[in-house]
Amino acid sequence: MIKLLKNKEVRKALIWQIFFSMIACAICFFIDIRAGQITLVLSLILILIYYISTYRRYRKIAALAGNINKLLHGDNSIFFENYSEGELGILHSEIYKMTVRLREQQQKLLNDKVYLANSIADISHQIRTPLTSINLLVQLLSELDISNERRYQLVHELYGLLSRIDWLISTLLKISKLDTGTVQFKEENISLETLINKSCSTLLVPIELHGQELVINAAGDFVGDIAWTCEAIGNIVKNCMEHTPEGGKIEIEAVENALYTEIVIKDNGTGISKEDMPHIFERFYKGKNSSETSFGIGLALSRMIITSQNGTVKVENRTPSGTMFIIRFYKGTV
Amino acid sequence: MTKILLVEDDKAIVANLTEFLNSEGYTVRSVSGQTAAMNLLIKEKADLILLDVSLAEGNGFATCKAIKAEYDIPVIFLTASDDEFSTVTGFDLGADDYISKPFRPRELVSRIKNVLRLTGNTGKAVRLGDVIVDTEKGTATKNNKDLFLSALEYRLLLVFINNRGMVLTRHQLLDAIWDVAGEYVNDNTLTVYIKRLREKIEDDPANPQIILTVRGIGYKVEI
């Protein structure tokens, strides 16, 4: 109790109270001795009440401070209950909200760490396979008496594997950038025709070599990040190309209306099996018909890019055979 | 001999790339940073500069800007892979081309040749007999009629244009188109494409005048 007197505010208030009480008592004593006695007793009682109530409040504040201190030192078992009313009650509830927020952030940091560890594990796991092949190829190449033909063949295979690893790393990097929300999507205006041509430009030669036909029918404009969207469209077209036999046809149609911008990519290939359908956009999911060289992340990346720009992507099988990807970028917020 | 200035601070890359470019017939000088590059250029001429964007000393972009401000030497950026920010900024600063790491050395040589050709005397339009190739637009015309070359046919033609006067073996041709084609090109496909290209650009495909066969070795397009 005496500690309270160390508090400057309390001391000041007490001094003023005592001062005015003494004046009041003096005046009352002057008027009538009984009035003075009553005033004296009343003053003492009032000062005592003030002192006690202040003491109680400060005790509660001290308790609160003590709890916050424990929380800062890592004791997560402290819970602040709202057991008082008035200003102190409001303070309690605000502090409680803050501790909840702090706990959420702590959990999020932990989740981020776990996510990072998993991503790194994914990458290293996926790279090990082509690295194993590369080791084997280098071993074969180190043999002294192999023909030039064989040497070229091995070297070509090596280059192929190196390309795949490069692509894998690039794509995983892009996926993690999207996952952690560190990508700023630009808002650029471009015609749908230009966008689709750009998306397919690196695939023209492979499509040609597969003996496939690419038909593009586009009208209207697109607003969004060109580079990322080209990547998304390109990965889907690449997927169609890989699942369509020689002589097949890949068609891309794009339209724009007041509600959305729609890009439809269809092929007349083998289609997607029922078991694979719900999973094809999952990371590292390789369908039954996929080539051994695919990692299963191209479509996952495409979907992430599309959904991050207020879009949706769906896939259906066509009749008699083939696959159809429907991408829609909605204009308002959905 | 074409002189290349390589601005790169990774010692392994410098050593191996220098050896490779030397074997391709280029003289290579290498420096590891911006200051050294600028100092060297005062004393020696270079025909082309390969500039690593992520230098430890100095800044790749600043170096490019400094070089372009004073000299008219073509610059090719070596960028971190898929960094679109880098490539767009690079072009804004006047870089002539870029290639992202990790790159296939053959692809680098291909770009070097392309850039040297574009900034050299022949410029963007190339004449092969009756055929005019506009390398900026990517079109080829014969007697003013569009040849409608497919993507791979055009690419193959470009390889010949960039290596005029030199004999290219089948392997070199396959290597050169590997990057656009991926793993799909086999030897037979190459034969088919040379045939198709000849059918489109030659007056008499059976007696080719533009793409000549060099028996036992490969093909050649004369200067």
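Nothing here was measured: the structure is a model prediction, and the numbers come from that model. (Residues numbered from 1 in each chain as written. Chains lettered and ligands numbered in written order. Predicted model: local features only at pLDDT ≥ 70, side-chain atom pairs only at ≥ 80, totals over all residues. Heavy atoms only, no water.)

Caption draft 1: Region of the structure containing the side chain of Thr 323 of chain A. Within the secondary structure, Thr 323 of chain A sits in strand β7 (residues 323-330). With sequence-adjacent residues up to four places away left out, Thr 323 of chain A is seen in contact with Ile 265, Lys 266, Asp 267, Gly 271, Ile 272, Val 315, Glu 316, Asn 317 and Arg 318 of chain A. (Helix = DSSP H or I, 4+ residues; strand = E, 2+ residues; numbered from the N terminus. Contact = heavy atoms within 4.5 Å.)

Caption draft 2: Representation of the packing of aromatic side chains. In total, this model carries eight aromatic pairs over all chains according to the counting rule given. Taken together, a centroid distance of 6.3 Å and an interplanar angle of 80 degrees make the contact between Phe 281 of chain A and Phe 325 of chain A edge-to-face. Separated by 44 residues along the polypeptide, Phe 281 of chain A in the loop between β5 (260-267) and α8 (298-308) and Phe 325 of chain A in strand β7 bring together distant segments of the chain. In this structure Phe 281 of chain A comes out as buried when scored by relative accessible area, which is 11%. For Phe 325 of chain A, a relative accessible area of 1% translates into the label buried. Between Arg 104 of chain B and the ring centre of Tyr 159 of chain A, over which it is positioned, the NZ or CZ distance is 3.7 Å. (Phe/Tyr/Trp six-rings, centres within 6.5 Å; stacked < 30°, edge-to-face > 60°. Buried < 20%, exposed > 50% of the residue type's maximum accessible area, 1.4 Å probe, protein only. Lys NZ or Arg CZ within 6 Å of the ring centre and 35° of its normal.)

Caption draft 3: How the structure looks around the sheet that holds β7 of chain A. All names here are of chain A. Here five strands make up an open sheet; going across it, the order is β2-β4-β5-β7-β6 and the pairing mixed. Of all strands in the sheet, those with a lone pairing partner are β2 (213-218) and β6 (311-317), marking the two edges. Shown here is a sheet whose adjacent strand axes are inclined to one another by a mean of 10 degrees, direction ignored. Running over the sheet, α8 touches β6 and β7 and is turned about 140 degrees from β6. (Pairing = 2+ DSSP bridges. Axes fitted to C-alpha atoms, helices over the stretch in contact; angles between N-to-C directions.)

Caption draft 4: Looking closely at the nonpolar core. Among the nonpolar cores identified, the biggest contains 49 residues, and Leu 195, Ile 236, Val 237, Ile 263, Ile 265, Phe 325 and Ile 327 of chain A are the most heavily contacted of them. Considering each element in turn, this core owes the most residues, nine residues, to helix α7 (residues 226-242) of chain A. Filtering out sequence-adjacent residues up to four positions away, Leu 195 of chain A remains in contact with Ile 190, Phe 222, Ile 226, Thr 229, Cys 230, Ile 233 and Ile 263 of chain A. Grouped together as the second largest cluster of nonpolar side chains are 33 residues, Leu 209 of chain A together with Ala 140, Leu 149 and Leu 152 of chain B included. (Core = buried A, V, L, I, M, F, W, Y, C linked by side-chain atoms within 4.5 Å.)

Caption draft 5: Structural detail: the packing of helix α4 (residues 148-179) of chain A against α7 of chain A. Residues and elements named next belong to chain A. Contact geometry of α4 with α7 gives a least axis separation of 13 Å together with a crossing angle of 130 degrees. The angle between α4 and α7 falls in the class oblique. For the pair α4 and α7, the crossing hand works out as left-handed. Contacts between α4 and α7 involve Trp 167, Lys 174 and Leu 178 from the former and Trp 228, Glu 231, Asn 235 and Lys 238 from the latter. (Parallel < 35°, antiparallel > 145°, perpendicular 65-115°, else oblique. Left-handed = near helix turned anticlockwise from the far one by under 90°.)

Caption draft 6: Main features of the interface of chain B and chain A. The partner chain A presents 20 residues to the 21 residues of chain B that form the contact. Carbon and sulfur atoms make up 59% of the area that chain B and chain A hide from each other, which totals about 1,800 Å². The interface formed by chain B and chain A contains zero salt bridges. Residue assignment for the side of chain B that touches chain A shows that the elements contributing at least two residues are α6 (151-162), α7 (170-181) and α8 (187-201) of chain B. Taken together, the residues of the side of chain B that touches chain A sort by class into 10 nonpolar, four polar and seven charged. (Buried area = accessible area lost by both parts, 1.4 Å probe. Salt bridge = Lys/Arg side-chain N within 4 Å of Asp/Glu carboxyl O. Nonpolar A, V, L, I, M, F, W, Y, C, P; charged D, E, K, R; others polar.)

Caption draft 7: Geometry of the environment of Leu 46 of chain A. One can find Leu 46 of chain A in helix α2 (residues 33-72). Taking the C-alpha atoms as reference points, Leu 46 of chain A and Ile 31 of chain A, separated by 15 residues in sequence, lie 21 Å from one another.

Caption draft 8: Molecular detail of unusual backbone geometry. That bond from Thr 319 of chain A to Pro 320 of chain A is cis: its omega, 0 degrees, falls within 30 degrees of zero. Lys 101 of chain B connects to Pro 102 of chain B through a cis peptide bond whose omega is -5 degrees. Within the element layout of this structure, Pro 102 of chain B appears in the loop between β5 (97-100) and α5 (105-119). Positive phi, normally seen in glycine, also occurs at Asn 310 of chain A, with a value near 65 degrees. With respect to the helices, strands and loops of the structure, Asn 310 of chain A is situated in the loop between α8 and β6. Backbone geometry at Asn 143 of chain B places phi at a positive 50 degrees, although glycine is not the residue there. For Asn 143 of chain B, the location among the structural elements is in the loop between β8 (139-142) and β9 (145-146).

Caption draft 9: Local environment of the state of the cysteines. Residues and elements named next belong to chain A. By the definition in use, this model includes zero disulfides over all chains. Cys 28 takes part in no disulfide bond, and the closest cysteine sulfur to it belongs to Cys 25, at a distance of 6.8 Å. Free cysteine: Cys 200, not disulfide-bonded; nearest cysteine sulfur from Cys 230 at 8.7 Å. (Disulfide = S-S within 2.5 Å.)

Caption draft 10: Up close: the sheet that holds strand β11 (residues 211-214) of chain B. All names here are of chain B. If you walk across this open sheet you meet the three strands as β10-β12-β11, and the pairing is antiparallel. Both outer strands of the open sheet, β10 (167-169) and β11, are each paired with one neighbouring strand and no more. Averaged over all pairs of adjacent strands, the angle between strand axes in this sheet comes to 35 degrees, irrespective of strand direction. One ladder, built from three bridges, connects β10 with strand β12 (residues 218-221); its direction is antiparallel. Directly across from Val 167, in β12, lies its bridge partner Lys 220.

Caption draft 11: Fine view of a positive patch on the surface. Residues and elements named next belong to chain A. Together, Arg 56, Arg 57, Arg 59 and Lys 60 make up a region of like positive charge exposed at the surface. One can find Arg 56 in helix α2. Arg 56 sits in the exposed class, given a relative accessible area of 58%. (Patch = residues over 30% accessible without salt bridge, like charges linked within 9 Å, V, L, I, M, F, W, Y side chains within 5 Å. Areas by Shrake-Rupley, 256 points an atom, 1.4 Å probe, with all protein chains shown as cover. Lys, Arg positive; Asp, Glu negative; His and termini not counted. Charge placed at Lys NZ, Arg CZ, Asp CG, Glu CD.)

Caption draft 12: How the structure looks around the pattern of salt bridges. Using the criterion set out here, one finds 23 salt bridges over all chains in the structure. It is possible to trace a salt-bridge network through shared partners that takes in Glu 24, Arg 104, Arg 106 and Asp 175 of chain B.

Caption draft 13: Fine view of the side chain of Asn 162 of chain B. Residues and elements named next belong to chain B. Here Asn 162 shows up in helix α6. A polar atom in the side chain of Asn 162 sits 3.1 Å from the side chain of Asn 114. Sequence-distant contacts of Asn 162, that is, excluding residues within four places in its chain, are made with Ser 110, Lys 113, Asn 114 and Arg 117. (Polar contact = N/O pair within 3.5 Å; in protein donor to acceptor, adjacent residues only side chain to side chain.)

Caption draft 14: Representation of the environment of Asn 217 of chain A in the model. Residue and element names in this part refer to chain A. Checked against the element boundaries, Asn 217 lands in strand β2. Spatially, the C-alpha atom of Asn 217 lies 31 Å from that of Tyr 285, the residues being 68 residues apart in sequence. Not counting residues up to four positions away in its chain, the partners in contact with Asn 217 are Ile 252, Glu 253 and Ala 254.

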